[in-house]
Amino acid sequence: MKSKKNNEDLKEEHKLNLETVDEEIDKSELKLEKKNEIKILKKRKRLIETYESDVKKYRDYYINSLEKIDHKNKNKKKIDNEDEVSDEDVIDNDILFSISKSTIGKTFISIFGIAIVFVFDFNVFSIVFDIVFFTLSSYAFCYFNRKDNQLFLDEYKKKLQSLGYLTIDEYEDDLEEFLTGPEGLFHEELVKLIHEYDIDTDHIDFAYSQSGNKNYIWSNNDFLYMLDTDLYSRPQVVKIPISNILYYRVDYTNHLLVIKTYNEEFYFEESSIVIFSKYLKGKEYSINNLIDPDTALSDYRAFMYGIKNVLESGDDVKFYKANKSDKKLYNISLCLILFSILRFIPINYSIYTNFCELGIIVFLISFCSCLFDIYCVNFLLKRSTDDILEDMANNVKCINKFNELKMSLGIDESSCDTIYNVSDQPFLIWKKGKYIHIFFNVVYYDSLYLSFKNSDVDRYYIDEEGCKLFIRDTGIVFKLECKEILDKYLVIK
């Protein structure tokens, strides 16, 4: 009887122990869950803070570089008729090639330099030779690749690595989860705006922008409202006074619908004409609702000079200086000098000598790599005029602005002749009424547009240098082969 009672007590005690263990496990799991929640919240907060204040500019430059590559490849394929190659494939291959090109350049230069110090047994000549060789060869490599924007596409990855990410995809996954995805902060703010403006998402009109983003569109007769639902950046409602809208038109060449205001343009897919024709009645493009040429040219020049100033100052890439490569090079040079001095101190320990030689090799390689970074950044910052013009010619915003200038001036290229100056730059020439018009047909930070009568021409004559035209303060020399076209419009004086 006693034995039976003891057994029951033991069972009860064992049951209590199991319950206690389960409670402890539950508590541990709760603590772990809480820790994970806190960890996730901290990660979310850090990502949100760093994205808008720091990372976004790297990401923007990375994406803009892809767009430049995309634009160049589209032009190349039009010329080469390589329609069977997709844009995406060409972009990816170019990026991989450009990044490996930089790495291969550093690697071959470093290997050659290390081979020299081994051949000459780490003497003074070999080390000095390597320093000079690395300096000149790195400069040459970066100089000849200074126009290659692809060379800098890995800067985004470098920035992410400094934040603890190993790949771009890893960061993009976190970005989507915490910020730009359906559960992220930007989506929360988008929902707030939808409620604030009482938007019925099932029935409201929408149009897709040039970049493919879905925009909700509505109007209250006085204002046109647009809300971009893309979560690439913080959502906001764009409010445009309809009185400020000059016109809307369809660009059939680029399959776009353009809305032109006094100081900016908005671009949507061609199919959105159905939506905007409903809200912008009476604003269809016509020669009667254009702004005067001086205002159009002034607006264009202000925009293009703004782009030019940014490119000249390097504001779009100055953040690369954040790695303080100049200071890093100084420290590497000091370490290289130190190990070189130690190498020549006469101590007969092979392990000591080997240690010094290893140090020289490490810092020679670091020296070469750092020079690459410094030269590449400096060449990117110090763009020549030709580099700036090439960047602008491949900038989608500049191309759009240029096309809209031509529309604002009422230029119909089908009724124009094309002539070339002695620098082989194209000009459009046409006549309307009593006036002759000449327009510089190049995406450029300045623009030349002349509207004049024959009586306004100061001089027009032809010699061995070309066809020389002088109107007021402007003189242009056209190619001799343009004489036949010019004679149609101008009276020789």
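Cut-offs used in this document
- Residues numbered from 1 in each chain as written.
- Predicted model: local features only at pLDDT ≥ 70, side-chain atom pairs only at ≥ 80, totals over all residues.
- Heavy atoms only, no water.
- Helix = DSSP H or I, 4+ residues; strand = E, 2+ residues; numbered from the N terminus.
- Buried < 20%, exposed > 50% of the residue type's maximum accessible area, 1.4 Å probe, protein only.
- Contact = heavy atoms within 4.5 Å.
- Areas by Shrake-Rupley, 256 points an atom, 1.4 Å probe, with all protein chains shown as cover.
- Pairing = 2+ DSSP bridges.
- Axes fitted to C-alpha atoms, helices over the stretch in contact; angles between N-to-C directions.
- Polar contact = N/O pair within 3.5 Å; in protein donor to acceptor, adjacent residues only side chain to side chain.
- Core = buried A, V, L, I, M, F, W, Y, C linked by side-chain atoms within 4.5 Å.
- Parallel < 35°, antiparallel > 145°, perpendicular 65-115°, else oblique.
- Nonpolar A, V, L, I, M, F, W, Y, C, P; charged D, E, K, R; others polar.
- Phe/Tyr/Trp six-rings, centres within 6.5 Å; stacked < 30°, edge-to-face > 60°.
- 1 Å grid on protein atoms, 1.4 Å probe; cavity = no way out; pocket = protein on both sides within 12 Å on 5 of 7 lines; lining within 4 Å.
- Points joined across faces, edges and corners; volume = space filled by probe spheres on them.
- Expected span 1.5 Å × (residues − 1).

## Digging into the overall build of the protein chain
The number of helices and strands found in the protein chain is 13 helices and 14 strands. Taking all 493 residues of the protein chain together, 41% fall into the buried category. Within the protein chain, residue pairs in contact and separated by at least 24 positions form 58% of the contacts whose partners lie at least 6 positions apart. Accessible area for the protein chain stands at about 28,600 Å²; split by element, carbon and sulfur atoms hold 55% of it.

## Let's talk about the sheet that holds strand β3 (residues 223–228)
Spatially, 4 strands are ordered β1-β2-β3-β4 in an open sheet, and the strand pairing comes out antiparallel. Of all the strands in the sheet, just β1 (205–208) and β4 (237–241) have a single pairing partner and so form its edges. In this sheet, neighbouring strand axes are inclined to one another by 30 degrees on average, regardless of whether the strands run parallel or antiparallel. Across 4 bridges, β1 lies against strand β2 (residues 214–219) in antiparallel orientation. If you follow Tyr-208 over to β2, its bridge partner there is Lys-214. On the sheet, helix α6 (residues 185–196) packs against β2, β3 and β4 and is oriented at approximately 155 degrees with respect to β3.

## So, the environment of Ser-53
Mapped onto the fold, Ser-53 is located in helix α1 (residues 2–80). Overall, the relative accessible area of 53% leaves Ser-53 in the exposed class. Polar side-chain contacts of Ser-53 include one of 2.6 Å to the backbone oxygen of Glu-49.

## What to know about the nonpolar core
Ranked by internal contacts, the top residues of the largest apolar core, which has 28 residues, are Tyr-156, Tyr-171, Leu-179, Trp-218 and Leu-227. Contributing elements (two or more residues each) for this core: α1, α4 (155–162), α5 (168–180), α6, β2 and β3. No other element matches the 6 residues that α1 contributes to this core. Beyond its immediate stretch of four places on either side in the chain, Trp-218 contacts Tyr-197, Ile-199, Ile-204, Phe-223, Leu-224, Tyr-225, Leu-227, Val-237 and Tyr-279. If you look at the next biggest cluster of nonpolar residues, it comprises 26 residues, including Met-304, Ile-388, Leu-428 and Tyr-445.

## Considering the packing of α5 against α6
α6 packs onto α5 with a crossing angle of 30 degrees between their chain directions and a minimal axis gap of 5 Å. In terms of their interaxial angle, α5 and α6 are classed as roughly parallel. When α5 is examined against α6, the residues Phe-178, Leu-179 and Thr-180 are found in contact with a partner set consisting of Leu-185, Phe-186 and His-187. When its residues are assigned to classes, the contact of α5 with α6 shows 4 nonpolar, 2 polar and no charged.

## Focus on the packing of aromatic side chains
Here the structure, examined in full by the defined rule, presents 25 aromatic pairs. A centroid spacing of 5.3 Å and a plane angle of 5 degrees characterise the contact between Trp-218 and Tyr-225, whose relative ring orientation is stacked. Looking at Trp-218, the relative accessible area reads 14%, which means it is buried. Taken together, a centroid distance of 6.3 Å and an interplanar angle of 50 degrees make the contact between Phe-223 and Tyr-225 tilted.

## Topic: empty space enclosed by the protein
Under the defined criterion, the tally for this structure stands at 2 cavities of 30 Å³ or more. Estimates place the volume of the second largest cavity at around 50 Å³. Taken together, Lys-260, Glu-265, Ala-296, Asp-299, Tyr-300, Lys-401, Glu-404, Leu-405 and Ser-408 make up the full set of residues lining the second largest cavity. When contributions to the lining of the second largest cavity are tallied by element, the ones reaching two or more residues are α8 (293–313) and α12 (396–408). Per-element tally for the lining of the second largest cavity: the top contributor is α12, with 4 residues.

## A closer look at α6
The end-to-end C-alpha distance of α6, which contains 12 residues, comes to 17 Å, matching closely the 16 Å that a straight helix rising 1.5 Å per residue would cover. Taken together, the buried positions of α6 are Leu-185, Phe-186, Leu-190, Leu-193 and Ile-194.

## Focus on the environment of Ile-114
Along the chain, Ile-114 falls in helix α2 (residues 87–119). The exposure class of Ile-114 is buried, given its relative accessible area of 13%. Residues Ile-114 and Leu-364, spaced 250 residues apart in sequence, show a C-alpha to C-alpha distance of 7.9 Å. Setting aside its immediate chain neighbours within four residues, Ile-114 contacts Asp-130, Ile-361, Leu-364 and Ile-365.

## Remarks on the sheet that holds strand β6 (residues 256–261)
With respect to topology, 3 strands assemble into an open sheet ordered β5-β6-β7, the strand pairing being antiparallel. This sheet does not close on itself; its edge strands, each paired only once, are β5 (245–251) and β7 (265–269). Recorded for the sheet is a direction-independent mean angle of 15 degrees between the axes of neighbouring strands. Here 5 bridges tie β6 to β7, and the two strands are oriented antiparallel to one another. Paired with Val-258 across the two strands is Tyr-267, which belongs to β7. Its contacts with the sheet place α12 against β5, β6 and β7, and it is angled at close to 110 degrees to β5.

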